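# Reading the structure
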Amino acid sequence: MGLNLVQAWTHAKRALEDAGLAGPVIDARLLVEAAADATRTDIVTDPYRPLSPEQEATLSDYLARRMRREPVSHILGRKGFWKIMLNVNRDVLTPRPDTETVVDVVLKQTPEHKAFSILDLGVGSGAILLAILAERPAARGLGVDVSEEALAVARDNAAHLGLAGRVALLRGDWTEGLADANFDVVVSNPPYIASDVLETLEPEVRDWEPRLALEGGADGLDAYRRLAPEILRVLKPGGIFAVEIGYDQKDAVEALFREAGAADVRTIRDLADRDRVVAGAKNPLETGA
């Protein structure tokens, strides 16, 4: 083809548009940058830089994979989240901007230099836990996941971000085996999609993301039924929690946490103005007899 950077971007954009894919402009730019080892600035300041034959071949491969509805994050093996870059693959849920709401809620309630312990249940790629630890230098964290493959991704990400010394990663079934009243903060982005809705999802999610991280049972609430009392059990008195929810699950999840004895239960909306995070606290211990 003999393309330069700007031609490659135009070609990639058109190819993705013709395939009927959403967001072709950004996807095309990301794939060209990766294939040509270029930055966004390079495309603007050096638009006529030619791609080598190898780079063109790589771009063709990337475009073919994207047209098969493979997510860009899987093609590139990475995804930006909050202020960090994460390695991702088919073994973990690709972190989404919606989930940054969980990080935001926790950071607003934890002073920057305060030492505290945080538990991430269903840690996946490590997105939530590592984004918080990166901003809170005195905090330490534990990430639990039932998937050994997901934990391998999280370990890799912790090492790349220089956070391995402040995080432990453990294979486990939610809170099983964890002691009572041990954590200041608990976060989770559990599977919350109802089983019959899964098949209606975009192919990028339905065919490429791990089912384990998506499917929440018949009504999507299975994980919360188990997590609400368990999160309250492992939280220290006065500790806080924040869990991601589906846009239509606010009332049901709030009720489960209230039944479990949580205080200050509330729902926070994401940037798209949809209900996204249920947060609350464990009551401080009563004093006196």
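Above this text sits the structure in question.
Let me sum up the structure you'll find in this document. Here the structure is a predicted model, which means the values were calculated and not measured. (Residues numbered from 1 in each chain as written. Predicted model: local features only at pLDDT ≥ 70, side-chain atom pairs only at ≥ 80, totals over all residues. Heavy atoms only, no water.)

With that out of the way, let us pick up the nonpolar core. Residues L119, V186, I231, F241 and F257 are the most contacted members of the largest nonpolar core, which totals 33 residues. A total of seven residues in this core trace back to one element, the largest contributor, which is helix α11 (residues 222-234). Those residues in contact with L119 that lie beyond four places of it in its chain are L142, V144, L178, F183, V185, V186, V187 and V234. Membership of the second largest hydrophobic core comes to 32 residues, among which are F81, V102, L151 and A281. (Core = buried A, V, L, I, M, F, W, Y, C linked by side-chain atoms within 4.5 Å. Buried < 20%, exposed > 50% of the residue type's maximum accessible area, 1.4 Å probe, protein only. Helix = DSSP H or I, 4+ residues; strand = E, 2+ residues; numbered from the N terminus. Contact = heavy atoms within 4.5 Å.)

One way to put it is that helix α1 (residues 5-18) packs onto helix α4 (residues 53-67) with a least axis distance of 10 Å and a crossing angle of 20°. Here α4 runs roughly parallel to α1, going by the angle between their axes. Considering only the axes of α1 and α4, their crossing is right-handed. When α1 is examined against α4, the residues A8, H11, A12, A15 and L16 are found in contact with a partner set consisting of L59, L63, R66 and M67. Considered class by class, the residues forming the contact of α1 with α4 number seven nonpolar, one polar and one charged. (Axes fitted to C-alpha atoms, helices over the stretch in contact; angles between N-to-C directions. Parallel < 35°, antiparallel > 145°, perpendicular 65-115°, else oblique. Left-handed = near helix turned anticlockwise from the far one by under 90°. Nonpolar A, V, L, I, M, F, W, Y, C, P; charged D, E, K, R; others polar.)

In this section: the side chain of T175. Tracing the chain through its elements places T175 in the loop between β5 (167-171) and β6 (183-188). By relative accessible area, which is 2% here, T175 ends up buried. At a separation of 2.3 Å, a polar atom in the side chain of T175 contacts the side chain of E230. Setting aside chain neighbours within four positions, we find T175 in contact with L121, E230, R233 and V234. (Polar contact = N/O pair within 3.5 Å; in protein donor to acceptor, adjacent residues only side chain to side chain.)

Tracing the sequence through the fold places N157 in helix α8 (residues 148-160). When neighbours within four sequence positions are excluded, N157 is seen to be in contact with L86, N87, S125 and L130.

Below, the discussion takes up the sheet that holds β6. Strand order in this open sheet of seven strands is β5-β4-β3-β6-β7-β9-β8, and the pairing throughout is mixed. The two strands at the open ends of the sheet, each matched to only one other strand, are β5 and β8 (263-269). Within this sheet the neighbouring strands show an average axis-to-axis angle of 15°, counted without direction. Relative to strand β4 (residues 140-145), strand β3 (residues 117-121) is paired through five bridges, and the arrangement is parallel. By the bridge assignment, I118 is partnered in β4 with G141. Packing of helix α12 (residues 250-259) onto the sheet brings it into contact with β7 (235-244), β8 and β9 (275-281), and relative to β8 it is tilted by some 160°. (Pairing = 2+ DSSP bridges.)

Let us look at the packing of aromatic side chains. Taken as a whole and assessed by the stated rule, the structure comprises one aromatic pair. Ring geometry for F241 against F257: centres 4.4 Å apart, planes inclined by 15°, an arrangement best described as stacked. Highlighted residues: F241 in strand β7 and F257 in helix α12, separated in sequence by 16 residues. In this pair, the class of F241 matches that of F257, namely buried. Positioned above the aromatic ring of W9 is the side chain of K13, whose terminal nitrogen or guanidinium carbon lies 5.1 Å from the ring centre. Looking at R274, its charged tip hangs above the ring of Y247, at a distance of 4.4 Å from the centre. (Phe/Tyr/Trp six-rings, centres within 6.5 Å; stacked < 30°, edge-to-face > 60°. Lys NZ or Arg CZ within 6 Å of the ring centre and 35° of its normal.)

None of this, on its own, says anything about what the molecule does.
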